[in-house]
2 protein chains.
Amino acid sequence: MPSQMIARNSQAHVVATMARPAPQAMGETVELMGAVMPFARNAEIYGENEPAEYLYKVVSGAVRTYRVLNDGRRQIGAFYLPGDVFGIEVGEQHTFSAESIVDSKVMLIKRSSLLALASRSADVARQLWTMAATELQRAQDHTMLLIKTAQERVAGFLLEMAKRTPRANAVELPMSRQDIADYLGLTIETVSRTLTQLENSAAIEVPTSRRIVLRNQAVLSRLNG
Amino acid sequence: MPSQMIARNSQAHVVATMARPAPQAMGETVELMGAVMPFARNAEIYGENEPAEYLYKVVSGAVRTYRVLNDGRRQIGAFYLPGDVFGIEVGEQHTFSAESIVDSKVMLIKRSSLLALASRSADVARQLWTMAATELQRAQDHTMLLIKTAQERVAGFLLEMAKRTPRANAVELPMSRQDIADYLGLTIETVSRTLTQLENSAAIEVPTSRRIVLRNQAVLSRLNG
DNA sequence: CGTGCAGTTGAGCAAATTCAACGCTTGTGG
DNA sequence: CCACAAGCGTTGAATTTGCTCAACTGCACG
C-alpha cells in the first residue's frame, strides 16, 4: 500500500457542489458526495490489487491506468480526461494502477456510500451501470485498436483524442510518447516515426510535440481501418 | 436483421428448470425464465448493431463473438463455453456479432423481463452487475494478451482454455485455427507454427489438431509473461 | 553554460506476415 | 470401393513491419 493513501485523506477537502435542476448527466447525483484532491504529476492515485475504496472523477488534468507485466512491460488501459470517471470496479480490488499524468484534481467518491445509495435510488444504480458500460465499451474499442498496424493505431488514437476534445480539430496531448506507446502496444520510436509519416503525408501537423493539428481527418479515418 | 430472428422464436421451447435450494450461483435465478434454442455450426445468433433483445447462456457447444473491420479483418472478442453468459449489453444494441462455433444449445433470456426483475430484486441486480463485471474483466485480460509476443499469446490462450476446463490438463478446442488467430490478433500460420514450436519444446502435445495436452504448465506460465 | 530529459532519426535485426506449396481428413459421386 | 474435390492445417521461403540499439537534437532548468 502506497504512502499516497495517507496523504489522500489529509489533503482532501469537501466541495460544496450545488444541486442542479436537471440531474440527468452522469455523475450529477454523485457529485454531491465528492471530495476533491490534488495529485502532482506522476503521483499514484491507487495501485493494482488495492481495495477499491473509492471511485474517481477527473476534475482537471489527466490520468492513466495501467498494468505491468512481470518483465516490466507496461500496458496502459486508458487515459482519463476532465469529466471522465475511473476506478470503477465490480470486484473489491482495483485491477489496474492509476497515476496522474500531469498535476490534476480528482474527485473521490466513497464506494460504500455510493453502493448504499444505489440500492435505494434506481437513478444512481443506473448511473453506476452506465459507468461500467462505458468502461466495457472503452476496453472493447481498445482491443480493436491493438490488432491494427502502427499507422492505424496512431491514427485511431488521434481520432479518439479529438473526439474527446469537442469543437477543436487540434489535440493537446497531456501524455508523453512513452505513454502513447504503452497505450497502443508500440515502441516510442514507432510512435514517433509514425507521427512523422502522418505529418509528411499532410494528414497532421505537429507544431510542438504535445500539440497535434488534424489537417485531414478523412485521411486519418481511412487509415483507422 | 437476419432471418435467424424469425426462426428463433418458432424453434424455442420453454425449459422447466427446477428451482434449486441455494440460488447463489450466477444465473440460477435467471434460469427460471430461459428458453433453450439450438443453433447449427456457424449459425448467427445475433448481429452487431441489432437491438439487444435477449441475453444468452451457453447450454452446450461453443460460441464466438466478433467484430469485422471494413477491410474484412475479423477480431474475435471472446469464446463462450457451457455455463458462460454472453450478449449482455449496457446499451440498447449489440456491439459484437455472435455465432455458434459448433452445433450448440443456447438459453435465451428476455432482456426486458430481466431488467424488470432486477429493479425489484437486489439479487438479480447483483447478478447482472457480476455478469457485466465478468465481461469487463475478460476484455481487459484480452487487451493484456494482445500486447505480447506470438508465443506468449498462444501460451496465454491455452492456459485460459485450460482454466475453463476444470480438472483436465488437456484442452479440447471447439474452434478452428482461424478463430484462434482472430482472437489472438495473429495469422493462422503463426498460430500453427507457434503450436509446433511449443510441441518441440515439450510444453504441449498435439495428438489431433483440436486436442492439446498441456505437458508442462509451468513452462507455459513462464511464456505467458 | 552544462546537464538531463523527451523526442526524433538512422541502421541493422528479429518477429510475424504474405505467398505458395503440400499433406491429411472427410465427404461425395462415379 | 475408389477417385477426387474441398476444407483445414502445416511447412517453407521471401518480404515486410516494427523493434533494438545508438546517436543526435531541442528544450527546460539549475
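Owing to the predicted nature of the structure, the values given are computational and were not obtained by experimental measurement.

A. Structural context of the overall build of chain A. Looking only at helices and strands, chain A has seven helices and twelve strands in total. Burial statistics for chain A: of 225 residues in total, 37% are counted as buried. For chain A, restricting intrachain contacts to residue pairs at least 6 apart in sequence, the fraction spanning at least 24 positions comes to 69%.

B. Here's a closer look at the domain arrangement of chain A. Residues and elements named next belong to chain A. Annotation of chain A at the domain level lists domain 1 (4-141) and domain 2 (150-223). The interface is formed by ten residues belonging to domain 1 together with six residues belonging to domain 2. When contributions to the side of domain 1 that touches domain 2 are tallied by element, the ones reaching two or more residues are β5 (63-68) and β6 (74-80). For the side of domain 1 that touches domain 2, the element with the highest residue contribution is β6, accounting for four residues. Classifying every residue of the side of domain 1 that touches domain 2 by side-chain character gives seven nonpolar, one polar and two charged.

C. Structural view of the protein's contact with DNA strand C. With respect to spatial proximity, 17 residues lie near DNA strand C, and among them Ser176, Ser192 and Thr196 of chain A together with Thr149 and Thr190 of chain B are the closest. Of all elements in the fold, only α5 (177-184) and α6 (188-200) of chain A together with α6 (188-200) of chain B reach the threshold of two or more residues within the surface near DNA strand C. It is α6 of chain A that provides the largest number of residues to the surface near DNA strand C, a total of six residues. Looking at the surface near DNA strand C residue by residue, the classes come out as five nonpolar, eight polar and four charged.

D. Quick peek at the UniProt feature "domain: HTH crp-type" (unreviewed entry) in chain A. Within the UniProt annotation, "domain: HTH crp-type" (unreviewed entry) is assigned to residues 148-218 of chain A. Across residues 148-218 of chain A, helical content stands at 52% and strand content at 17%; the span's end C-alpha atoms are separated by 18 Å.

E. Focus on the relation of the copies chain B and chain A. Rotating chain B by 180 degrees and translating it 0.0 Å along the rotation axis places it on chain A, where the RMSD comes to 0.0 Å. A rotation of that kind, with that shift, is consistent with a two-fold axis.

F. A look at the interface of chain B and chain A. Listed as interface residues are 27 residues of chain B and, on the opposing side, 27 residues of chain A. Those elements that place two or more of their residues in the side of chain B that touches chain A are β6 (74-80) and α3 (122-146) of chain B. Per-element tally for the side of chain B that touches chain A: the top contributor is α3 of chain B, with 13 residues. Looking at side-chain class alone, the side of chain B that touches chain A contains eleven nonpolar, twelve polar and four charged residues.

G. View of the protein's contact with DNA strand D. Taken together, 17 residues are adjacent to DNA strand D, and Thr149 and Thr190 of chain A together with Ser176, Ser192 and Thr196 of chain B come closest. Those elements that place two or more of their residues in the surface near DNA strand D are α6 of chain A together with α5 (177-184) and α6 of chain B. In terms of residue count, the dominant contributor to the surface near DNA strand D is α6 of chain B (six residues). Residues that form the surface near DNA strand D fall into these classes: five nonpolar, eight polar and four charged.

H. View of the packing of α5 of chain A against α6 of chain A. All names here are of chain A. As a packed pair, α5 and α6 sit with axes 8 Å apart at the nearest point and diverge in direction by 100 degrees. Viewed along their axes, α5 and α6 adopt a mutual orientation that is roughly perpendicular. Where α5 approaches α6, its residues Arg177, Gln178, Ile180, Ala181 and Leu184 are matched on the opposing element by Ile188, Val191 and Ser192. Considered class by class, the residues forming the contact of α5 with α6 number five nonpolar, two polar and one charged.

I. A look at unusual backbone geometry. Residue and element names in this part refer to chain B. A positive phi angle is found at Asn49, which is not glycine, with a value near 75 degrees. Tracing the chain through its elements places Asn49 in the loop between β3 (44-46) and β4 (54-60). Accessibility expressed as a C-beta count within 10 Å gives 12 for Asn49, which makes it exposed. Its identity is not glycine, yet Ala202 carries a phi of approximately 65 degrees, on the positive side. Summarising the element assignment, Ala202 is placed in the loop between α6 and β11 (204-208).

J. Representation of the pairing of strand β4 (residues 54-60) of chain A in the model. All names here are of chain A. Counting buried residues along β4, five of its seven residues qualify, which places the element largely inside the surrounding structure. In terms of strand pairing, β4 meets strand β9 (residues 104-110) through six bridges, oriented antiparallel. Within β9, the position partnered with Ser60 by the bridge is Lys105. Across two bridges, the pairing between β4 and strand β7 (residues 85-86) is antiparallel. Across the sheet, the residue bridging to Tyr56 is Phe86, located in β7.

K. Just the sheet that holds strand β12 (residues 211-214) of chain B, in detail. Residue and element names in this part refer to chain B. Taken in spatial order, the three strands of this open sheet run β10-β12-β11, and their pairing is antiparallel. On the outer flanks of this sheet lie β10 (170-172) and β11, each paired with one strand and no other. Adjacent strand axes in the sheet meet at a mean angle of 20 degrees when their direction is disregarded. Pairing analysis gives three bridges linking β10 to β12, with the strands arranged antiparallel. Counted as the bridge partner of Ala170 is Val213 from β12.

Definitions and limits used
Residues numbered from 1 in each chain as written. Chains lettered and ligands numbered in written order. Predicted model: local features only at pLDDT ≥ 70, side-chain atom pairs only at ≥ 80, totals over all residues. Helix = DSSP H or I, 4+ residues; strand = E, 2+ residues; numbered from the N terminus. Buried ≥ 20, exposed ≤ 12 C-beta atoms within 10 Å, placed from the backbone. Contact = placed C-beta atoms within 7 Å. Domains from an automatic or database assignment. Nonpolar A, V, L, I, M, F, W, Y, C, P; charged D, E, K, R; others polar. Near = placed C-beta within 6 Å. UniProt positions renumbered as here; feature names shortened; annotations may be inferred. Least-squares fit on C-alpha atoms with pLDDT ≥ 70 in both. Axes fitted to C-alpha atoms, helices over the stretch in contact; angles between N-to-C directions. Parallel < 35°, antiparallel > 145°, perpendicular 65-115°, else oblique. Pairing = 2+ DSSP bridges.

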